[in-house]
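Observations on the model geometry
Residue-level listing of the chains:
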Amino acid sequence: MIKESFFILKKDYKSELRNRYSFNSLLLFVIITITILLFSLGLEDISLDIHAGLFWIIVFFAATNGLSRTFVSEEERGTTLVLKLISESGTIFLGKLLFNLCLMVLLSLFVFILYLFFMNGFLIKNYFLFFVTIIFGSIGLSSASTIIAAIISKASNKGTLYPILSFPILLPLLIILIGLTKSSMIGKSIINELNQFLLIISYSGILITVSFLLFDFIWKD
Amino acid sequence: MIRLFGESVQKVFNGREVFNNISFDIHTPSCLGIIGKNGSGKSTLIKIIAGLLQVTKGKILYEIDGKILSPDKLFKRIGFLSPYLQLYDEFTGIENLIIFDEIRNQKKEKEFYLDLLKKVELYDRRNDLLRTYSSGMKQRLKIAFALSNEPDVLLFDEPTSNLDDSGIEIIHSIMKQHKERGILVIASNDKSDYYLFDEIINLNK
């Protein structure tokens, strides 16, 4: 199943390179949001809490734009049928989850680079903690986003449904991530934050397990 | 030997009964025809046989040498063709076939795919993106897709749609050959397909 899901990841990557379904909208969203923030904040110094919050708000809404496309693009192109004919539902889910995870890591890093260059006062003191937060945050966000994307692909009102469904599910994760980002800006050690990472691991583990169990029902019929 | 059988199959869509009490029992080598007027449920039934839709009541099972085939493994054994099947427009003809077999974990040598494309007369256009294909060429590629995993069971819904005379000749030759060794299920209103049928499910009744 794992080998086959990597081929789904490869297919989606090639497809993304040629179609730019998610990537372009993600990049545009991030650039536009950071530009608006720059104009509105100017050279004003903002607190670490607000920096950390803004960083994850950008990532969350960019993810809303891009990650929800995973299944919607298949549904819109009518290619879900061919996927059903070549693979088990679990393999499809895992492949899409891996694709979303890669997209999330790239997106977070891209937001981080832009933020670092353009936002006044955004200084990371513990880079190790920050990057581990990005990796774990991406795992958490993609695990929730993938199953929500699968659910909304079957609905008629796809555009508004994603933020409605994802907000309550992602809120606890975002609060933890904002806290961890602030800790990395203060320069706290990762040892002090282990409990937070355990929480993210439990959150992602539960979501991925439940998603695997549910996905078959969403995917068929 | 493969056996395909259905018992008292019923399908209800949004409270409307599409068909009821459909039973059949076929085994290799043979051909099952599904006929019926538009909207009678031919495509629905063939999708149920392919495992793409669930039955409301009854059951459809595949048996290989006396053992029931798990529905999760069905995709490795069947080839499916229909006009509503969409392949990936952003990939070339040969890329589509290779990507599908990679995901199925059944990738073969490149020559296999080239031979398939020659068989459906798409060899010269193998490196063109699918979005540049005509509807008839897409149907030919779908035939190649249905055959690419060397299936025991071929499920064809309106197999001749969009095809020109030479395409129809190709698909008939494929169906005749497959009928001699495996199970062939055809949902069609085209009377020129009827000579292949060993058993018929008439959804007009």
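A short tour of the structure in this document, coming up. (Residues numbered from 1 in each chain as written. Chains lettered and ligands numbered in written order. Predicted model: local features only at pLDDT ≥ 70, side-chain atom pairs only at ≥ 80, totals over all residues. Heavy atoms only, no water.)

Some points on the overall build of chain A
Condition: Only DSSP runs of H or I reaching four residues or more are called helices, and only runs of E reaching two or more are called strands; each is numbered from the N terminus. Here the globule rule is a power law, 2.2 Å times the number of residues to the power 0.38, and the radius of gyration is based on C-alpha atoms. Working definition: with a 1.4 Å probe on protein chains only, accessible area under 20% of the residue-type maximum means buried, over 50% means exposed, and in between means partly exposed. Whether two residues touch is decided by their heavy atoms; if any such pair falls within 4.5 Å, the residues are in contact. Surface accessibility in these figures is a Shrake-Rupley result with a 1.4 Å probe; residues are shielded only by whichever protein chains are displayed. His is not counted, nor are the chain ends; Lys and Arg add positive charge and Asp and Glu add negative charge. Here the site of a charge means NZ on Lys, CZ on Arg, CG on Asp, or CD on Glu.
Along chain A, the regular secondary structure elements total nine helices and zero strands. Each helix and strand of chain A, ordered N terminal to C terminal, gives the series α-α-α-α-α-α-α-α-α. Whereas a compact globule of 221 residues would reach a radius of gyration of roughly 17 Å, chain A reaches 18 Å, a difference of no more than 12%. On the principal axes, the C-alpha backbone points of chain A span a range of 55 × 35 × 30 Å. Considering chain A as a whole, with its 221 residues, one finds that 51% of them fall into the buried category. At a minimum sequence separation of 6, the contacts of chain A that also span at least 24 residues come to 84%. Accessible surface computed for chain A: about 9,800 Å², of which carbon and sulfur atoms make up 73%. In chain A, which carries 16 positive and 13 negative side-chain charges, the distance between the mean positions of the two groups comes to 6 Å.

Digging into the overall build of chain B
In terms of regular secondary structure, chain B is built from five helices and nine strands. Reading chain B from its N terminus to its C terminus gives the helix and strand order β-β-β-α-β-β-β-α-α-α-β-α-β-β. The C-alpha atoms of chain B give 17 Å as radius of gyration, which agrees with the globular expectation for 205 residues (17 Å, within 12%). When each of the 205 residues of chain B is scored for burial, the buried share is 54%. With the model as given, the accessible surface of chain B reaches about 9,100 Å², and the carbon-plus-sulfur share is 46%. Charged side chains in chain B number 29 positive and 29 negative. The centres of these two groups are separated by 4 Å.

Section: the pattern of salt bridges
Heads up, the rule is: In the sections that follow, a salt bridge refers to a side-chain nitrogen of Lys or Arg positioned within 4 Å of a carboxyl oxygen of Asp or Glu.
Enumeration according to the criterion identifies 24 salt bridges over all chains in this entry. Two residues, E88(A) and K73(B), come together in a salt bridge whose shortest N-O distance is 3.1 Å. On the criterion of chain membership, the pair formed by E88(A) in the loop between α5 (80-86) and α6 (89-118) and K73(B) in the loop between β5 (67-68) and β6 (78-81) is interchain, its members lying in two chains. In this structure, a network of salt bridges that share partners links the residues K11(A), D12(A), E74(A) and K96(A).

Quick notes on the sheet that holds β6(B)
All names here are of chain B. Stated formally: Paired strands are those between which DSSP finds at least two bridges. The convention used is that axes are lines fitted to C-alpha atoms, helices contributing only their stretch in contact, and that angles between N-to-C directions extend from 0 to 180 degrees.
What the five strands build is an open sheet, ordered β6-β7-β8-β3-β9; its pairing is parallel. Each edge of the open sheet carries a strand with a single partner, namely β6 and β9 (199-202). Averaged over all adjacent pairs, the angle separating strand axes in this sheet is 15°, with direction ignored. Across four bridges, the pairing between β6 and strand β7 (residues 153-157) is parallel. The partner of L81 across the bridge, within β7, is F156.

Regarding helix α4 (residues 135-147) of chain B
All names here are of chain B. Put simply, the test is: Here the expected span of a helix is defined as 1.5 Å times the quantity of residues minus one.
Under the 1.5 Å per step criterion, the end-to-end length of α4 is 19 Å for 13 residues, consistent within 8% with the ideal 18 Å. Within α4, 11 of the 13 residues are buried, which leaves the element mostly enclosed by the surrounding structure. Within the sequence span of α4, burial applies to G136, M137, Q139, R140, L141, K142, I143, A144, F145, A146 and L147.

Quick look at the interface of chain A and chain B
In plain terms, the rule: Pairs of N or O atoms within 3.5 Å make up the polar contacts considered here, provided that, within protein, one atom can donate a hydrogen while the other can accept it, and that residues adjacent in sequence are counted only when both atoms are side-chain atoms. Residue polarity is assigned by list, with Asp, Glu, Lys and Arg as charged and Ala, Val, Leu, Ile, Met, Phe, Trp, Tyr, Cys and Pro as nonpolar; anything else, Gly included, falls into the polar class.
Contacts between the two partners involve 24 residues from chain A and, on the opposite side, 28 residues from chain B. There are five salt bridges connecting chain A and chain B. With its nearest N and O atoms 2.5 Å apart, the salt bridge here joins E90(B) to R77(A). The interface formed by chain A and chain B includes 11 residue pairs in polar contact (both at pLDDT 80 or more). Elements that contribute at least two residues to the side of chain A that touches chain B include exactly α1 (2-19), α4 (69-77) and α5 of chain A. Here the element with the most residues in the side of chain A that touches chain B is α1(A); it accounts for 10 residues. Looking at the side of chain A that touches chain B, its residues break down into seven nonpolar, five polar and 12 charged.

Considerations on a nonpolar patch on the surface
All names here are of chain A. The criterion, for reference: What makes a patch is a set of residues exposed beyond 30% relative accessible area and free of salt bridges, joined within 9 Å when like-charged and within 5 Å when nonpolar (Val, Leu, Ile, Met, Phe, Trp, Tyr).
Residues I113, L116, F117, F118, Y127 and F131 make up a contiguous nonpolar surface patch of roughly 590 Å² in combined accessible area. When contributions to the nonpolar patch are tallied by element, the ones reaching two or more residues are α6 and α7 (127-153). Here Y127 shows up in helix α7. In this structure Y127 comes out as partly exposed when scored by relative accessible area, which is 36%.

What about the sheet that holds β5(B)?
All names here are of chain B. Judged by pairing direction, the sheet is antiparallel, and its four strands sit side by side in the order β2-β1-β4-β5 without closing on themselves. Each of the sheet's edge strands pairs with one partner strand only, and the pair in question is β2 (16-27) and β5. In terms of strand pairing, strand β1 (residues 2-13) meets strand β4 (residues 57-64) through seven bridges, oriented antiparallel. From the neighbouring strand, G6 faces β4, where its bridge partner is I60. Where helix α1 (residues 42-49) meets the sheet, it contacts β1, β2 and β4, and its direction lies at approximately 50° from that of β2.

A few points about unusual backbone geometry
Residue and element names in this part refer to chain B. Along the chain, T28 connects to P29 via a cis peptide bond; the corresponding omega equals -10°. Within the element layout of this structure, P29 appears in the loop between β2 and β3 (30-35). Even without a glycine there, the phi angle at N14 is positive, about 45°. You can see N14 is positioned in the loop between β1 and β2. Even without glycine at this site, D65 takes up a positive phi of about 45°. In this structure, D65 sits in the loop between β4 and β5.

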